[in-house]
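# Architecture and fold: a report
So the chains spell out like this:
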Amino acid sequence: MQRIILDTDPGVDDALAIALALNSSGLKVEAITTVNGNVGVDYCTRNLSLILSAMGNVSVPIVAEGESQPLSVSIVNASHVHGSDGLGGVTQLRDANGNQCYLDMLLPSVTTGAVDVVLELVTRYPGQVVLLCIGPLTNIAKAVLKCPIGMKKTKGIVLMGGAFEVYGNVTLSAEFNVYADPHAAQIVFDSGIPITIVPLDVTHQVLLNAREFEKLCVRHGGQWGKFLSDCTKVCFEFHRYHEGLDGFYLHDPVAVGYLEYPGFFDTVPAYVQVEINDGLTRGRTVADLRADRIDGPEPNAQVCVGINTSQFLDYFLDCIFASA
Ligand code: RIB
Ligand code: CA
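The notes below deal with the structure included here. (Residues numbered from 1 in each chain as written. Chains lettered and ligands numbered in written order. Predicted model: local features only at pLDDT ≥ 70, side-chain atom pairs only at ≥ 80, totals over all residues. Heavy atoms only, no water.)

## Structural notes on the side chain of D252
In this structure, D252 sits in helix 12 (residues 251-260). One buried charged residue, D252, remains without a salt bridge, the closest side chain of opposite sign being R46 at 16 Å. The residues contacting D252, other than those within four sequence positions of it, are D13, D14, A17, I134, M160 and N177. (Helix = DSSP H or I, 4+ residues; strand = E, 2+ residues; numbered from the N terminus. Buried < 20%, exposed > 50% of the residue type's maximum accessible area, 1.4 Å probe, protein only. Lys, Arg positive; Asp, Glu negative; His and termini not counted. Salt bridge = Lys/Arg side-chain N within 4 Å of Asp/Glu carboxyl O. Contact = heavy atoms within 4.5 Å.)

## Some thoughts on the packing of aromatic side chains
Taken as a whole and judged by the stated rule, the model has ten aromatic pairs. Judged by centre distance (5.7 Å) and plane angle (15°), the rings of W224 and F227 are stacked. Placement of the pair is W224 and F227 together in helix 11 (residues 222-243), with a separation of three residues, close to one helical turn. Comparing W224 with F227, the two get one shared label, buried. The interplanar angle of 75° and the centroid separation of 5.0 Å between the aromatic rings of Y261 and Y315 together place this pair among those described as edge-to-face. (Phe/Tyr/Trp six-rings, centres within 6.5 Å; stacked < 30°, edge-to-face > 60°.)

## Considering the pairing of strand 1 (residues 2-8)
Of all seven residues that make up strand 1, six are buried, and the element is covered over most of its length. Here seven bridges tie strand 1 to strand 2 (residues 27-34), and the two strands are oriented parallel to one another. Paired with T8 across the bridge in strand 2 is T34. Handedness of the β-α-β unit built from strand 1, helix 1 (residues 12-23) and strand 2 comes out right-handed. Inspection of the sheet shows strand 1 paired to strand 4 (residues 129-133) by five bridges, in the parallel sense. Its bridge partner being in strand 4, L6 is matched across the sheet by L132. (Pairing = 2+ DSSP bridges. Right-handed = clockwise from strand over helix to strand, strands pointing away.)

## A look at the environment of T112
Within the secondary structure, T112 sits in the loop between helix 3 (79-82) and helix 4 (114-124). Classification of T112 as partly exposed rests on a relative accessible area of 36%. Separated by 80 residues in sequence, T112 and G192 place their C-alpha atoms 26 Å apart. Apart from the residues within four sequence positions on either side, T112 is in contact with A64 and V117.

## Details of the sheet that holds strand 6 (residues 195-198)
Strands belonging to one sheet form pairs held by backbone hydrogen bonds; the direction of such a pair is parallel or antiparallel. The strand order across the open sheet formed by eight strands is 3-2-1-4-5-6-12-9, and the pairing between neighbours is mixed. Only two strands of the sheet have a single neighbouring strand rather than two, namely strand 3 (62-65) and strand 9 (265-270). Neighbour-to-neighbour, the strand axes of the sheet open up by a mean angle of 25°, direction not taken into account. In the packing of helix 12 onto the sheet, the strands contacted are strand 1, strand 2, strand 4, strand 5 (156-160), strand 6, strand 9 and strand 12 (301-307), and the crossing angle to strand 5 comes to about 150°. (Axes fitted to C-alpha atoms, helices over the stretch in contact; angles between N-to-C directions.)

## As for the environment of L159
If you trace the backbone, L159 turns up in strand 5. According to the relative accessible area criterion, L159 is buried, its value standing at 0%. Taking the C-alpha atoms as reference points, L159 and F176, 17 residues apart in sequence, are found 12 Å from one another. In contact with L159, not counting residues within four places along its chain, are C133, L137, V188, F189, I195, T196, I197 and V198.

Structure follows, in structure tokens:
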């Protein structure tokens, strides 16, 4: 059983990834930490609480709120994709009596912030904890800056982010998580911690079909089926209207899939750098992924370049509905 800390900015695809991680038998979620990203970190923490509540019988790990600002660039968000509340507008849904359809659960109070929870757990379990990062890397970079030696006890980092041989999704050059805090990404890539990057190059091969998913939500029924249907509608509509797609990409769940089933993926070692300067290429991830390259700097990451999409989708659809 792999011990993980899930660092997240929920976020609709984050919601699916959180449920996937909690339902995956090979993963032990020691903590879930929130970070500013798709929406403000306060909304992310509220959304996490809503997701855990909608899942029903889930053993709640430690929850800790993280950084509210990137290290130095100005804040960007993705509320146009995920809804103004970051969760497809479910917080505004009311029943016939005018009551909120979804209530957030009372989370066990944790006064410690995300950075210190990460440091505490990686030192409590040296060489055993993988950081699964599905939002901007601000929390992890702050932990590395605060205690670089302590963070070397991390077993590894699996992060959804970057775009190498495909266009970005926030600019032509950059993927959102890296664009939102490029300095944090560079600090993490330079940290010496073993890193696996799950970039748009593979997540753009995994589209969740809107019609199929809606049918599965109705068939599953219950509070969780209704929540999944309600929270994904805005995201489906955004991608249909703006990108002419019949669904949206499962960016964050694919990163969970790498941890549970690495055999579904092809990876190459590479030396990855980030453009930290503002302008046209801010947040671009740069690496030589050619298998036949013969020289160049020591690799600092494994980069996922291929995925068995159908195997991943079978796992995802089995596991996402395993909740109540
Ligand atoms: O580029 C996709 C990433 O940005 C995902 O993590 C999504 O949730 C957004 O945060
Ligand atoms: Ca995310």
